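What follows is the residue order along each chain.
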Amino acid sequence: MRARLKAACHRITLIRDRGGVALIEFALSLPILLTLALLGIETAHYAIAMMRVNQIATSVADNVARVRDSISEVDVNEALLSADLIGQGIDFGSRGRVVVSSVSPNGLSGSKAGQWIRWQRCTGALNIAEAKPQYGLEGKGKTDGTLGYMGASTRRITASSAVDMIFVEVTYQYQPVVGSNIIGSPIIRSEASYSVRERNIEDLQPSASAPSKTCDKYSAI
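J.: Would you mind showing me how to read the overall build of the protein chain here?
T.: For the protein chain, the count of helices and strands is 4 helices and 6 strands. The linear arrangement of helices and strands in the protein chain, starting from the amino end, is α-α-β-α-α-β-β-β-β-β. Across the 221 residues of the protein chain, 34% fall into the buried class. When contacts within the protein chain are restricted to residue pairs at least 6 apart in sequence, long-range pairs at least 24 apart make up 73% of them. Accessible surface for the protein chain amounts to roughly 12,700 Å². Of this, 56% is attributable to carbon and sulfur atoms.

Here you go:
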């Protein structure tokens, strides 16, 4: 009888024991917490990458547009260095591409009137269709009306008759930090334009000390 009573008391003690409940609950919730943490890290990194790409587009366009009097290959190359500085944290040099276009009215009339890409320079190693100039190559629209504007059809941008425009396209292939299963490797694009300030000569002047970063060249910045 005493043995049965002890066994019954022992079973009741085991039933009431809650010492491992917290550990079991943590083990069950850990996958969910870990997934949320990884998703947060990836989302934050993606947001930073988008911000950097936007900053690169704005900075390059502004720096090229503010060169006064005349502009040379040296000036453009120095402006393109800002893309490398801003994009260091996202490996922009090998995963991104910058296209700088100087746009002017072509001075023609009638059906031939339109915009003209006076000169164009590029940098970055990303060589995919989305990273190529989306609105035309250097010289487009000079003798005809094939270039009516720069930018998407919903955001048409043109240079005025008195002031030329610098138009910049930036493309970046996102590199995930956690894994491609969360966001993947999407293409991030940004465009920016600035009117040229106080420049008398719009043609790009050659320089013996600076190579021409033409758009047929692909290399890290």
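Picking up after the structure, the text goes on.
J.: Which parts of the structure should I look at to understand the state of the cysteines?
T.: Note: disulfide means a covalent bond formed between the sulfur atoms of two cysteine side chains. Scanning the entire structure with this criterion turns up 1 disulfide. One disulfide in the model links C122 with C215; its S-S distance is 1.9 Å. Here the S-S torsion is close to 75°, and the disulfide linking C122 with C215 is therefore right-handed. With a gap of 93 residues between them, C122 in strand 3 (residues 115–123) and C215 in the segment after strand 6 (199–205) connect regions that are remote in the sequence. In this structure, C122 and C215 share a single accessibility class: buried.

J.: Is there a simple way to explain unusual backbone geometry in this structure?
T.: The general pattern is negative phi for most residues beyond glycine and trans for most peptide bonds. Of note in the backbone geometry, D69 takes a positive phi value of approximately 65° without being a glycine. Of note, the phi angle at D91 is positive, near 55°, even though the residue is not glycine. Checked against the element boundaries, D91 lands in the loop between helix 3 (73–86) and helix 4 (92–95).

J.: Before we go on, may I ask you to explain the packing of aromatic side chains in this structure?
T.: Summed over all chains, the structure comprises 3 aromatic pairs. Measuring from centroid to centroid gives 5.1 Å for Y46 and Y174, while their planes differ by 85°, and the two rings are edge-to-face. Taken together, the residues span a long stretch of sequence, with Y46 in helix 2 (residues 21–65) and Y174 in the loop between strand 4 (165–173) and strand 5 (187–195) at a distance of 128 residues. Residue Y46 is classed as partly exposed on the basis of its relative accessible area of 22%. Ring geometry for F92 and Y172: centres 6.1 Å apart, planes at 20°, overall stacked. Here the residue F92 occupies a position in helix 4, and Y172 occupies one in strand 4, the gap between them amounting to 80 residues. Between R97 and the ring centre of Y218, over which it is positioned, the NZ or CZ distance is 3.9 Å.

J.: Please explain the pairing of strand 3 as it appears in this structure.
T.: The two faces of the sheet receive side chains in turn, since in a regular strand these alternate between them. The buried fraction of strand 3 is high, at 8 of 9 residues. In this sheet, strand 3 lies alongside strand 2 (residues 96–105) in antiparallel orientation, the contact comprising 8 bridges. For S104, the partnering residue across the bridge sits in strand 3 and is W116.

J.: Explanation requested: the environment of P211 in the structure shown.
T.: Structurally, the position occupied by P211 is in the segment after strand 6. Ignoring any residue separated from it by four or fewer positions in sequence, one finds P211 in contact with E73 and N77.

J.: Sorry, what's going on with the nonpolar core here?
T.: The nonpolar side chains of soluble globular proteins are, as a tendency, buried together. Judged by nonpolar contacts, the single largest core of 28 residues is most densely connected at V60, V98 and V100. Among residues more than four places away in sequence, those in contact with V60 are A79, L80, S82, A83, V98, V100 and V168. Judged by nonpolar contacts, the second largest core, of 8 residues, contains Y135, L147, M150 and F167.

J.: Explain the sheet that holds strand 5 to me, please; I cannot follow it from the model alone.
T.: Backbone hydrogen bonds are what pair the strands of a sheet, in a parallel or an antiparallel way. Taken together, the 4 strands give an open sheet; going across it, the order is 3-2-4-5, and neighbouring strands pair in antiparallel fashion. Two strands close off the open sheet at either side, each with one partner strand: strand 3 and strand 5. On average, each strand axis in the sheet is tilted by 20° relative to the strand beside it, whichever way the strands run. Judged from the 8 bridges that link them, strand 2 and strand 4 form a sheet pairing that is antiparallel. The residue bridging V103 from the neighbouring strand is M165, located in strand 4.

Reading the values: the criteria
Residues numbered from 1 in each chain as written. Predicted model: local features only at pLDDT ≥ 70, side-chain atom pairs only at ≥ 80, totals over all residues. Heavy atoms only, no water. Helix = DSSP H or I, 4+ residues; strand = E, 2+ residues; numbered from the N terminus. Buried < 20%, exposed > 50% of the residue type's maximum accessible area, 1.4 Å probe, protein only. Contact = heavy atoms within 4.5 Å. Areas by Shrake-Rupley, 256 points an atom, 1.4 Å probe, with all protein chains shown as cover. Disulfide = S-S within 2.5 Å. Phe/Tyr/Trp six-rings, centres within 6.5 Å; stacked < 30°, edge-to-face > 60°. Lys NZ or Arg CZ within 6 Å of the ring centre and 35° of its normal. Pairing = 2+ DSSP bridges. Core = buried A, V, L, I, M, F, W, Y, C linked by side-chain atoms within 4.5 Å. Axes fitted to C-alpha atoms, helices over the stretch in contact; angles between N-to-C directions.

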